[in-house]
Amino acid sequence: MNAPLKAVDDTTDLPALMSNLAGEARAAARVLALAPAQQKNDALAAMAAALRASSAKLLAANAEDVAEARASGASDSFIDRLALTPARIETMAEGLDVVRGLEDPVGKVTEKWTRPNGMTIERVSVPLGVAGVIFESRPNVLADAGALCLKSGNAVILRGGSDSFRSCMAIHACLVEGLRKAGLPEAAITLVPTRDRAAVGLLLSGLDGRIDVIVPRGGKSLVARVEAEARVPVFAHLDGNNHVFIDKAASLDMAKTIVLNAKMRRPGVCGAAETLLIDKAAAPAQLKPLIAMLIDAGCEVRGDAEVQHADARVKPAVEEDWATEFEAPIIAARVVGGLDEAIDHIEKYSSHHTDAIVTEDTQTATRFLNEVDSAIVLHNASTQFADGGEFGFGAEIGIATGKFHARGPVGVEQLTSFKYRVHGTGQTRP
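Since the model is a prediction, treat every value here as computed from it, not as a measurement.

### Concerning the domain arrangement of the protein chain
Piece 1. Here the protein chain is partitioned into domain 1 (14–235 + 410–420) and domain 2 (242–388).
Piece 2. Each of domain 1 and domain 2 was reduced to a C-alpha centroid, and the two centroids are 33 Å apart.
Piece 3. Summed over both partners, the interface of domain 1 with domain 2 buries about 510 Å², with 34% contributed by carbon and sulfur atoms.
Piece 4. If you sort the residues of domain 1 by the area they bury against domain 2, S77, R81 and R138 come out on top, with a joint share of 63%.
Piece 5. In this structure, the connection of domain 1 to domain 2 is made through one salt bridge.
Piece 6. A salt bridge links R266 to D80; the shortest N-O distance between them is 3.1 Å.
Piece 7. Viewed at the interface, domain 2 and domain 1 are joined by three residue pairs in polar contact (both at pLDDT 80 or more).
Piece 8. Counting residues per element, the side of domain 1 that touches domain 2 draws most heavily on helix α4 (residues 76–82), which supplies three residues.
Piece 9. The residue inventory of the side of domain 1 that touches domain 2, partitioned by class, reads no nonpolar, one polar and four charged.

Put into structure tokens, the structure is as follows:
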């Protein structure tokens, strides 16, 4: 049995360490690509059991991280992303249970046809190989990413944020226990055992071609750096500047419920609403109660002239506010002249992550869903559903806002590629 993972100090030869980790992960990926579904599922079951059994250890490690973050002046929204609770640990374990119950995507024949010359061609799903996941404060990302990569036959190298270092070490120990019990290589899920930021640059280099894809989960500066420096493909989004549009045919009760949840359920997550758009025709009945509700709930509202007129507590919005992911109980709000103006505003300022419309008019909803070019568009539902678990994926390795290979929540199917298997009977090409 291997010794538990230990943090390394500043004297470590980091390039050599990262090269070794990548080599071991590449070897593990070859094993995982051929691992039976039941063996992977056994590992996931053991991981979930270990998380539940180690709840006290996880909470103790996390308490140290939270205390350190508070002492450094971290914001409340940052602490919310960092903190573990018994309920959040149970949610992590449940996510692994859901991933275990998903159909194994590896080896699935998605298409099959026969050519006139008698050759049969199959398109078959295969793992990507080795994923590098770089994330910041949310330690649950480690469990989500580890589970999804394992289920899809990929090895993964995880580099967590320095703020969640102790929490990640404790969670990783549970995942390794599951791998060990199922007889799978422990390098299938690797945690970089250092806070040294240089490890990020080494991952982005691709480590001599042994990393196949990079997934960043964090703030705009991290994702921008990854997209600028990565030498391998990236599944990423720059930010979650998400909108809720209240149409003239919206129910006020529904609008209030959705807007409050979209902004205030967890203001710091990437699915939180950052801008509220209200149809001018709906404003007489809906503007004042919606704005008052948000402010009374502890949300700062920055609005245009009409929104300021509706409630004296509203602060004036500036141009920058429309393009900002606040990650805090702050929302920008403006009145627009209808659906066309709302779509134009979203096209100009949206990060193309998640945008929602509240309306009882199905034709208006259809136009919004068709014309808003975002990874996730919703009708009469909160933007906080922008989550792989809520999509039935069990978890997500990230939300991709690009348009190549994967878009939206990245689950097990998005972590596979394909190859063609061709069966012949001696055919040669004339």
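### Considerations on the environment of V244
Piece 1. One can find V244 in strand β7 (residues 242–246).
Piece 2. Along the sequence, V244 and A356 sit 112 residues apart, while their C-alpha atoms lie 4.8 Å from each other.

### Re the pattern of salt bridges
Piece 1. Scanning the model with the defined rule gives 30 salt bridges in all.
Piece 2. A salt bridge links R100 to D97; the shortest N-O distance between them is 3.2 Å. Residue R100 and its partner D97 are both found in helix α5 (residues 86–101); the two are separated by three residues, about one turn of the helix.

### A look at the sheet that holds strand β6 (residues 213–217)
Piece 1. The four strands are arranged β5-β4-β3-β6 in an open sheet whose pairing can be described as parallel. Bordering the open sheet on either side are β5 (189–191) and β6, each of which pairs with just one other strand. Mean inter-strand twist for the sheet, computed between neighbouring axes without regard to direction, equals 20 degrees.
Piece 2. Of the strand pairs in this sheet, strand β4 (residues 155–159) and β5 are connected by three bridges, and their pairing is parallel. Opposite I157, over in β5, you have T190 as the bridge partner.
Piece 3. Of the strands in this sheet, β3 (130–135), β4 and β5 touch helix α1 (residues 14–34), which is tilted by about 145 degrees from β4.

### A closer look at the pairing of strand β8 (residues 273–279)
Piece 1. The buried fraction of β8 is high, at seven of seven residues.
Piece 2. Taken together, the five bridges between β7 and β8 define a ladder with parallel strand orientation. Directly across from H243, in β8, lies its bridge partner T275.
Piece 3. Crossover β7 to β8 through helix α10 (residues 252–264) is right-handed.

### Description of the environment of P233
Piece 1. One can find P233 in the loop between α9 (220–229) and β7.
Piece 2. Expressed as a C-alpha distance, the spacing of P233 and H405, which sit 172 residues apart in the sequence, is 10.0 Å.
Piece 3. Each residue touching P233, except ones within four places of it in the same chain, is listed here: D212, V213 and I214.

### Some thoughts on the packing of α10 against helix α11 (residues 283–296)
Piece 1. In contact at an axis separation of 10 Å, α10 and α11 are set at 35 degrees when each is read in the N-to-C sense. Two packed elements cross with a definite hand, and for α10 against α11 that hand is right-handed. From α10, L252, A255, K256, V259, L260 and K263 reach across to α11, where they touch A285, Q286, P289, L290, M293 and L294.
Piece 2. Counted by class, the contact of α10 with α11 contains nine nonpolar, one polar and two charged residues.

### Let's talk about the environment of V109
Piece 1. Within the secondary structure, V109 sits in strand β1 (residues 109–114).
Piece 2. Taking the C-alpha atoms as reference, V109 lies 22 Å from R407; in sequence the two are 298 residues apart.
Piece 3. Setting aside chain neighbours within four positions, we find V109 in contact with E122, R123, V124 and R421.

### Considerations on the sheet that holds β8
Piece 1. Here we have seven strands laid out as an open sheet, ordered β10-β9-β11-β8-β7-β12-β13, and parallel in their pairing. The sheet is open, and its two edges are formed by β10 (315–316) and β13 (376–379), each paired on a single side.

### Quick word on the packing of α5 against helix α6 (residues 140–151)
Piece 1. As a packed pair, α5 and α6 sit with axes 10 Å apart at the nearest point and diverge in direction by 10 degrees. In terms of their interaxial angle, α5 and α6 are classed as roughly parallel. When α5 is examined against α6, the residues M92, L96, V99 and R100 are found in contact with a partner set consisting of N140, A143, A147, L148 and K151.
Piece 2. Considering only residue class, the contact of α5 with α6 consists of six nonpolar, one polar and two charged.

### Some details on the packing of aromatic side chains
Piece 1. A complete count under the given rule lists two aromatic pairs for this structure.
Piece 2. Summarising the aromatic geometry, the rings of W113 and Y420 are spaced 6.3 Å apart at their centres and angled 75 degrees between planes, so their arrangement reads as edge-to-face. Of the two residues, W113 is situated in strand β1 and Y420 in strand β16 (residues 416–423); the sequence distance between them amounts to 307 residues.
Piece 3. Ring geometry for F418 and Y420: centres 5.5 Å apart, planes at 75 degrees, overall edge-to-face.
Piece 4. Overall, the relative accessible area of 38% leaves F418 in the partly exposed class.
Piece 5. A residue is classified by how much of its surface remains accessible, and Y420, at 47% relative accessible area, is partly exposed.

Reading the values: the criteria
Residues numbered from 1 in each chain as written. Predicted model: local features only at pLDDT ≥ 70, side-chain atom pairs only at ≥ 80, totals over all residues. Heavy atoms only, no water. Domains from an automatic or database assignment. Buried area = accessible area lost by both parts, 1.4 Å probe. Salt bridge = Lys/Arg side-chain N within 4 Å of Asp/Glu carboxyl O. Polar contact = N/O pair within 3.5 Å; in protein donor to acceptor, adjacent residues only side chain to side chain. Helix = DSSP H or I, 4+ residues; strand = E, 2+ residues; numbered from the N terminus. Nonpolar A, V, L, I, M, F, W, Y, C, P; charged D, E, K, R; others polar. Pairing = 2+ DSSP bridges. Axes fitted to C-alpha atoms, helices over the stretch in contact; angles between N-to-C directions. Contact = heavy atoms within 4.5 Å. Buried < 20%, exposed > 50% of the residue type's maximum accessible area, 1.4 Å probe, protein only. Right-handed = clockwise from strand over helix to strand, strands pointing away. Left-handed = near helix turned anticlockwise from the far one by under 90°. Parallel < 35°, antiparallel > 145°, perpendicular 65-115°, else oblique. Phe/Tyr/Trp six-rings, centres within 6.5 Å; stacked < 30°, edge-to-face > 60°.

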